[in-house]
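# Structural description and commentary
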Amino acid sequence: MDGKQIVTSLDRILHWIIRLGVLSGLWFLFSFLGVLVAGVFPATVAALGVSREWVKGNHEIHIWKTYKKIYRQEFVGANILGWILSIGGALLYINYRVMANTADEILFIIPFAFYLILFFYSIIVLWSFPLLAHYQAPWHQHIKNAFIIGISKIHYSIFIGMVIFIVSYVSLELPAFIPFFSISIAATGCMWFSMQVFKKVDNRHS
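### Considerations on the overall build of the protein chain
When helices and strands are tallied, the protein chain shows eight helices and zero strands. Counting from the amino terminus, the protein chain carries its helices and strands in the arrangement α-α-α-α-α-α-α-α. When burial is assessed residue by residue, the protein chain has 36% of its 206 residues classed as buried. Counting only contacts in the protein chain whose residues sit at least 6 apart along the sequence, the fraction spanning at least 24 positions is 74%. Looking at the protein chain as shown, the accessible area adds up to about 12,200 Å², and 71% of this sits on carbon and sulfur atoms. A gap of 11 Å separates the mean positions of the 15 positive and 9 negative side-chain charges of the protein chain.

### Section: the packing of helix α2 (residues 40–55) against helix α5 (residues 109–134)
Orientation of α2 relative to α5, taken along the N-to-C sense of each, is 65°, at an axis distance of 9 Å. Both α2 and α5 take part in a crossing whose hand is right-handed. For the pair formed by α2 and α5, the contact residues are Phe41, Val45, Leu48, Gly49 and Arg52 on the first element and Phe129, Pro130, Leu132, Ala133 and His134 on the second. A per-class count over the contact of α2 with α5 returns seven nonpolar, two polar and one charged.

### Some points on the pattern of salt bridges
In total, this model carries two salt bridges according to the counting rule given. Two residues, Glu60 and Arg19, come together in a salt bridge whose shortest N-O distance is 2.9 Å. With Glu60 in the loop between α2 and α3 (63–73) and Arg19 in helix α1 (residues 3–33), this pair connects stretches of sequence that are 41 residues apart. Residue classification places Glu60 among the exposed residues on the basis of a relative accessible area of 68%. We note a salt bridge from Glu53 to Arg52, for which the minimum N-O separation is 3.1 Å. The same class applies to Glu53 and to Arg52, which are both buried.

### Considerations on the nonpolar core
Grouped together as the largest cluster of nonpolar side chains are 45 residues, with contacts concentrated most on Val45, Tyr67, Trp127, Phe129 and Phe198. Elements that contribute at least two residues to this core include exactly α1, α2, α3, α4 (75–101), α5, α6 (139–152), α7 (154–173) and α8 (178–205). The element that contributes the greatest number of residues to this core is α2, accounting for nine residues.

### Examining the packing of α7 against α8
Across the interface, α7 lies against α8 with an axial gap of 10 Å and an inter-helix angle of 175°. The angle between α7 and α8 places the two elements in the roughly antiparallel class. Only Ile178, Ser182, Ile185, Ala186, Gly189, Cys190, Phe193, Ser194, Gln196, Val197 and Lys200 of α8 make contact with α7, whose side of the interface consists of Tyr156, Phe159, Ile160, Val163, Ile164, Val167 and Ser171.

What counts and what doesn't
- Residues numbered from 1 in each chain as written.
- Predicted model: local features only at pLDDT ≥ 70, side-chain atom pairs only at ≥ 80, totals over all residues.
- Heavy atoms only, no water.
- Helix = DSSP H or I, 4+ residues; strand = E, 2+ residues; numbered from the N terminus.
- Buried < 20%, exposed > 50% of the residue type's maximum accessible area, 1.4 Å probe, protein only.
- Contact = heavy atoms within 4.5 Å.
- Areas by Shrake-Rupley, 256 points an atom, 1.4 Å probe, with all protein chains shown as cover.
- Lys, Arg positive; Asp, Glu negative; His and termini not counted.
- Charge placed at Lys NZ, Arg CZ, Asp CG, Glu CD.
- Axes fitted to C-alpha atoms, helices over the stretch in contact; angles between N-to-C directions.
- Left-handed = near helix turned anticlockwise from the far one by under 90°.
- Nonpolar A, V, L, I, M, F, W, Y, C, P; charged D, E, K, R; others polar.
- Salt bridge = Lys/Arg side-chain N within 4 Å of Asp/Glu carboxyl O.
- Core = buried A, V, L, I, M, F, W, Y, C linked by side-chain atoms within 4.5 Å.
- Parallel < 35°, antiparallel > 145°, perpendicular 65-115°, else oblique.

This is how it looks when you write it as structure tokens:
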């Protein structure tokens, strides 16, 4: 590798570091602009939307303008979807606490059914926001499609789960990683695997 190739490679790496850092910064900024309760979900969809453009090969998009556009467009839909999933998660947590306090009094089938439902819920959470970032559809359709795709493409669900786990693990070990790269790397990794499935679905229906 000659000097020119080294400079080109370093320049490309630097550009990606800046892109990822900017995207993570925008997620935190727009999350706080929405006072967290109303900002986290559209900020997440916007991060996935920008990552979607990168995965499609549009590396030179204007990150700020693209992010802000998606955030505004999906603000209501992302909050509806996000809060429905959050309420579902809260109900599951309450059920878990009840089971933990009455462990000696319940039949084996009940915790088995609970963990099965928890598994399905996790699949839906993993796929709902990438679907919202890629397709225009009502929130209930995203939930339905998330379940179908998540189960039928279980290996991709595992890959997406691994991305989130690895990023979370590194973020806990290196807290300085969180504000600069955690969100953007997780969003880009999840969207890359999601797009492998969406491309096949789109080609099948084109």
